[in-house]
Amino acid sequence: MLRLVRFTRLLSFKLFFLMALLLTLIFSFYMFITLRLHTSHLMESILNNAISTSDIIRRSTRYSMLQNHNEEVVQIIRTISKSPGVDGIRIYNKKGMIMVSSNLDEMGKTMDMQTESCYVCHSQKIPVESLPSQNQTRIFRSAEGNRILGLIKPIYNEPDCYNSACHAHSPSAKILGVLDVKMSLHQVDRHLQESRKQMISYAVLSIASLLLTCGGFISIMIHRPVTKLMEGTRQIASGNLNYVISLNSRDEIGELARSFNSMVSKLGKAYEEITNWSKTLEQKVKEKTEELEKTQSKVIQME
């Protein structure tokens, strides 16, 4: 435990931890932005597919609806509903009755105006006659738990509709019904989930590789030189003035090591000079002491 505490206090560990944190944040942000853009592109593709399917349905059923050939309309819609990604197709009248559906069991039923497909237009007392494009789509969950993208396209009362002999629509009516196309997002969600897993795996591998590279660089360029400098200071503190730090790098740490060696060399010379001067002083003191003793002895003899 004590070793772990000491290890966490090392400069190299702090630098390594900071780099690991920065790399994790950078890769997480990059992965978040990439997934967000990827999801946006996929959803845009699905929406364009739903719009294209809606336009195909309107064009392919236009003549049959003008001729009041409901069976042909049903067959066309059922055929289109078997396309990949299409979850269901319905045509409602103004009262919410399902006039045509890819599911034959639904035909003739009246939908609750508070359901997800009707609430956008019928949330107010007077139904909305013009629906903005951003309100024509909604995302909800199916009974199986899969996400569904729904696209609502109003069926407007055109001159061909109220001028047709077999129709009794009033020219004052603006909307005759609603075309509801539902696209399954199950494959999109699976693709996004797989992409998320792959990106996380790639990010973890990339971070691990970069951290190993950075860890080796920090160990060689910072940890080892600093360790040698610390060992040099301990040797000098213990009195070993002949210790030389062996660092040949040309960076700041190498310059610090060379300055340290020069300082130690000068300290060694100064210590040697002080030692020699101390020995010389002791010899001179000894000589003077002997001279004083001789002089004192003569004085005593003279007395």
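Keep in mind it's a predicted model, so treat the numbers as computed, not measured. (Residues numbered from 1 in each chain as written. Predicted model: local features only at pLDDT ≥ 70, side-chain atom pairs only at ≥ 80, totals over all residues. Heavy atoms only, no water.)

Enquirer: Describe the overall build of the chain, and please don't skip the residues or the numbers.
Expert: Along its length, the chain carries seven helices and five strands. Listed N to C, the secondary structure of the chain is α-α-α-β-β-α-β-β-α-β-α-α in terms of helices and strands. Residues counted as buried form 28% of the 303 residues belonging to the chain. At a minimum sequence separation of 6, the contacts of the chain that also span at least 24 residues come to 54%. Per element, the accessible surface of the chain, about 21100 Å² overall, is 59% carbon and sulfur. (Helix = DSSP H or I, 4+ residues; strand = E, 2+ residues; numbered from the N terminus. Buried < 20%, exposed > 50% of the residue type's maximum accessible area, 1.4 Å probe, protein only. Contact = heavy atoms within 4.5 Å. Areas by Shrake-Rupley, 256 points an atom, 1.4 Å probe, with all protein chains shown as cover.)

Enquirer: Outline the pattern of salt bridges, supporting the account with residue identities and numerical values.
Expert: Considering all chains together, one arrives at five salt bridges under this definition. The closest approach of N and O atoms between Arg90 and Glu106, which form a salt bridge, is 2.7 Å. Of this pair, Arg90 sits in strand 1 (residues 86-93) while Glu106 sits in the loop between strand 2 (98-101) and helix 4 (119-122); the two residues are 16 residues apart in sequence, bridging distant segments of the chain. Exposure class is identical for Arg90 and Glu106. Each is buried. (Salt bridge = Lys/Arg side-chain N within 4 Å of Asp/Glu carboxyl O.)

Enquirer: Go over the sheet that holds strand 4 (residues 147-156), please, and point to the residues and values.
Expert: On the basis of which strands lie adjacent, the open sheet formed by five strands has the order 2-1-5-4-3 and antiparallel pairing. One side of each edge strand has no neighbouring strand; the edge strands of this open sheet are strand 2 and strand 3 (137-141). Averaged over all pairs of adjacent strands, the angle between strand axes in this sheet comes to 25°, irrespective of strand direction. (Pairing = 2+ DSSP bridges. Axes fitted to C-alpha atoms, helices over the stretch in contact; angles between N-to-C directions.)

Enquirer: How would you explain the nonpolar core if you had to name every residue and give the values?
Expert: Residues Ile57, Ile77, Ile89, Ile91, Leu179 and Met183 are the most contacted members of the largest nonpolar core, which totals 22 residues. Listing elements by their share of this core, those giving two or more residues are helix 2 (11-66), helix 3 (70-81), strand 1, strand 4, strand 5 (175-184) and helix 6 (186-237). Take this core: its biggest share by element is five residues, from helix 2. When near neighbours in sequence (up to four residues on either side) are disregarded, Ile91 contacts Val73, Ile77, Met97, Ile98, Met99, Val100, Ile155, Val178 and Leu179. Residues Leu229, Leu247, Ile253 and Ala257 belong to the second largest nonpolar core, which totals eight residues. (Core = buried A, V, L, I, M, F, W, Y, C linked by side-chain atoms within 4.5 Å.)

Enquirer: A description of the pairing of strand 3 should follow, citing residues and the corresponding values.
Expert: For a regular strand, the rule is simple: side chains alternate between the two faces of the sheet. Burial along strand 3 is one-sided: the residues Arg138 and Phe140 are buried and none of Thr137, Ile139 and Arg141 is. Summarising the sheet, strand 3 and strand 4 pair through five bridges and their orientation is antiparallel. Each bridged residue has a counterpart across the sheet, and for Ile139 the counterpart in strand 4 is Leu149. The turn linking strand 3 back onto strand 4 is made up of five residues, and Gly145 within it adopts a positive phi angle of 95°.

Enquirer: Break down a nonpolar patch on the surface for me, with residues and values.
Expert: Nonpolar side chains collect at one region of the surface, where Leu15, Leu18, Leu22 and Ile26 lie side by side and expose about 350 Å² of accessible area between them. On the basis of relative accessible area, Leu18 is assigned to the partly exposed category, the value being 44%. (Patch = residues over 30% accessible without salt bridge, like charges linked within 9 Å, V, L, I, M, F, W, Y side chains within 5 Å.)

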